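A closer look at the structure
For reference, the chains in residue letters:
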Amino acid sequence: MEETVYNYKEDFELFDDDMDKYEYIIDLGKKSVTLNEADKNETNKIKGCQSSVWFVVRKVDDKLFFDTDGDTVIVKGLAFILAQIYSNHTPQEILDFDREKLKILNLDEIISPVRQNGFTSMLNAIYARAKEEL
Amino acid sequence: MSINEIRDDFPFFKDNKLIYLDSGATAQKPQVVLDVMHDYYTKYCANIHRAAHGLGNHATKEYEDARQKVADFLNAKKKDEIVFTSGATSSINLVAYGFVKDNFEHVIISGLEHHSNIIPWQITEKALHVIDSKEDLSVDLEHFKSLLKKYPKSFVTLTQTSNAFGITLPIKEMTELAHQYGCKVLVDAAQSAVHTKVDVQDLDADFLVISAHKLYGPTGIGALYIKKDLHELCKAFQGGGGAIKEVTYKNTLFMPIPYMYEAGTQHIAGAIGFAKALEYIDTIGFDFIQKHEKELIDYAYENLLHVKDVITYGDTLNATGNISFNIQGIHHQDLGILLDKQKVQVRVGHHCVQPTMQSLGVEGTVRISFGVYNTVKDVAVFFAALKRSIEMIKA
């Protein structure tokens, strides 16, 4: 997980301004899977976001995989980043990963305080699902 | 007077590259407003209506002069028709509890109301009736008449100008109709008063609310106009110092309005700043303001027509103060973020009119709203930033 975070950090450092970072996030959002309508339900919806975001969790061989979607392309990109960081890990590995380590991505520079609340809600959902799957 | 001279009055715009198109949320403040508030806090800070000393008298005089200024601005007959509140929201809530709660069963509103003109009627458990809007979002006057016939002697409470879509209601005509059916009328002029002359006598409003911060004044203060004839029917809403004639353990004798509704130490500096902001508007004049803002609306409308897949709402060309839109296939929140990163400040979201948004089948919109300090260049920069945002998302 930490390695994926560092990879994103390096990617972000390539950009001189926020608009380029956003272009990158938008591209990630466009690349991410689109959930089918049935999966975009209230159970999978992340509470506390300004726009709609959905996380679907799959468990394969004791590891969790997160498929994400959102109705705004920027949030979809941010959700995709989180999904890439936390997917393919066991619930215990996720719970052991200190979310403070995400701070090196400096996401607070590119998302507004309101958005940060939504970002925290997404993280909370990941850790909650990992706890359920222990 | 030029727009550049006006902009120079606002410290916010000095050395600031931001394009501010969110005056519908709150307007920037001219230096003269900040100066008078600073003077109060540094030269004659004292409580009002209490002290026997000179400072207190000075502060009281400035505060009461501010009340007179608000009365003059709204063309109220008497200054005691003006109650200082914390803003339009608290004014509406005051009316809900102090007047409507015990006197009315039915409340009639338009389909364009801000949440602050919906929720108080739900909390006070009134039967709420919503006037239909036409396809262009104008009010359906025939439906209004049918509601008045069905629910005479109701409380009618209407926004003069929609905060989300800039649609202006024919308030004078609606007030006249409502009075024919024995109704009382509250006018929410929070959005309109900065763009157009509001005259409580001409509108024949029974109540009217405004917020200082949308009028180039400070936050946390507003005014409620209550027609003198209705003062006897209004009941105390909050108890406290400054609102009473006499208190015993058995009973309280309240002061008359406005003091009955100004319990506790008031936002004295705010009232003084509020009055100075109204004076500032007077010095510019509504003829100038309306002509200039119409140019901005026309220019924005013309540019908006050339934006591919744009969706507008209502009679945008004749909008007052703000324009709302969406781009087909793009979420308004994405546009808000990308515009912000290009130093263009707009508001995106439901603008506190969720029921209206629901009726339009949208979650929200992008809203650009104007102050007298905005320029055609601001609007041009906005459209350049919008174009770049759309290209980024649709690429």
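Rules used in this analysis
Residues numbered from 1 in each chain as written. Chains lettered and ligands numbered in written order. Predicted model: local features only at pLDDT ≥ 70, side-chain atom pairs only at ≥ 80, totals over all residues. Heavy atoms only, no water. Helix = DSSP H or I, 4+ residues; strand = E, 2+ residues; numbered from the N terminus. Buried < 20%, exposed > 50% of the residue type's maximum accessible area, 1.4 Å probe, protein only. Contact = heavy atoms within 4.5 Å. Pairing = 2+ DSSP bridges. Axes fitted to C-alpha atoms, helices over the stretch in contact; angles between N-to-C directions. Buried area = accessible area lost by both parts, 1.4 Å probe. Salt bridge = Lys/Arg side-chain N within 4 Å of Asp/Glu carboxyl O. Polar contact = N/O pair within 3.5 Å; in protein donor to acceptor, adjacent residues only side chain to side chain. Nonpolar A, V, L, I, M, F, W, Y, C, P; charged D, E, K, R; others polar. Domains from an automatic or database assignment.

**Focus on the environment of Phe10 of chain B**
Residue and element names in this part refer to chain B.
- Here Phe10 is to be found in the loop between helix H1 (3–8) and strand S1 (19–20).
- Residue class for Phe10 comes out buried when judged on its relative accessible area of 0%.
- Among all residues touching Phe10, those that are not within four sequence positions of it are Gln28, Lys29, Pro30, Tyr216, Tyr280 and Tyr373.

**Some remarks on the sheet that holds strand S15 (residues 365–369) of chain B**
Residue and element names in this part refer to chain B.
- Taken in spatial order, the four strands make up an open sheet running S11-S12-S15-S14, and their pairing is antiparallel. The two strands at the open ends of the sheet, each matched to only one other strand, are strand S11 (310–312) and strand S14 (347–349). The sheet shows a mean angle of 30 degrees between the axes of neighbouring strands, direction not considered.
- In terms of strand pairing, S14 meets S15 through three bridges, oriented antiparallel. Considered in S15, the bridge of Arg347 is made with Arg367.
- Strands in contact with helix H11 (residues 332–341) are strand S12 (322–327), S14 and S15; relative to S14, the strand with the most contacts, it is inclined by about 155 degrees.

**A word on the pairing of strand S1 (residues 53–60) of chain A**
All names here are of chain A.
- Inspection of the sheet shows S1 paired to strand S2 (residues 63–70) by eight bridges, in the antiparallel sense. Paired with Val57 across the bridge in S2 is Phe66.
- Two successive antiparallel strands, S1 and S2, enclose a turn made up of two residues, where Asp61 displays a positive phi of approximately 50 degrees.

**Side note on the interface of chain A and chain B**
- Counting residues at the interface gives 16 residues for chain A and 13 residues for chain B.
- When the two sides are added together, the surface that chain A and chain B hide from each other amounts to roughly 1,300 Å², 60% of it contributed by carbon and sulfur.
- Viewed at the interface, chain B and chain A are joined by one salt bridge.
- Between Lys341 of chain B and Asp18 of chain A there is a salt bridge, with the nearest N and O atoms lying 3.8 Å from each other.
- The tally of links from chain A across to chain B stands at six residue pairs in polar contact (both at pLDDT 80 or more).
- Among the secondary structure elements, those contributing two or more residues to the side of chain A that touches chain B are helix H2 (18–31), helix H3 (73–86) and helix H5 (107–110) of chain A.
- Looking at the side of chain A that touches chain B, the element that brings in the most residues is H2 of chain A, giving six residues.
- Residue composition of the side of chain A that touches chain B, by class: seven nonpolar, three polar and six charged.

**Here we look at the environment of Lys61 of chain B**
Residue and element names in this part refer to chain B.
- Structurally, Lys61 is set in helix H3 (residues 54–74).
- Taking the C-alpha atoms as reference points, Lys61 and Phe13, 48 residues apart in sequence, are found 32 Å from one another.
- Side chain to side chain, Lys61 and Asp65 meet in a polar contact 2.7 Å long.

**Quick notes on the domain arrangement of chain B**
Residues and elements named next belong to chain B.
- In terms of domain boundaries, chain B breaks down into domain 1 (3–21 + 285–394) and domain 2 (32–283).
- Computed over C-alpha atoms only, the centres of domain 1 and domain 2 are separated by 28 Å.
- Across the boundary between the two partners, domain 1 contributes 33 residues, which contact 29 residues of domain 2.
- At the boundary of domain 1 with domain 2, total buried surface from both sides reaches about 2,300 Å², with 58% on carbon and sulfur atoms.
- Seen at the junction of domain 1 and domain 2, the total is zero salt bridges.
- Elements with a contribution of two residues or more to the side of domain 1 that touches domain 2: helix H10 (286–305), S12, helix H12 (354–360) and S15.
- For the side of domain 1 that touches domain 2, the element with the most residues is H12, which contributes five residues.
- A per-class count over the side of domain 1 that touches domain 2 returns 15 nonpolar, 14 polar and four charged.

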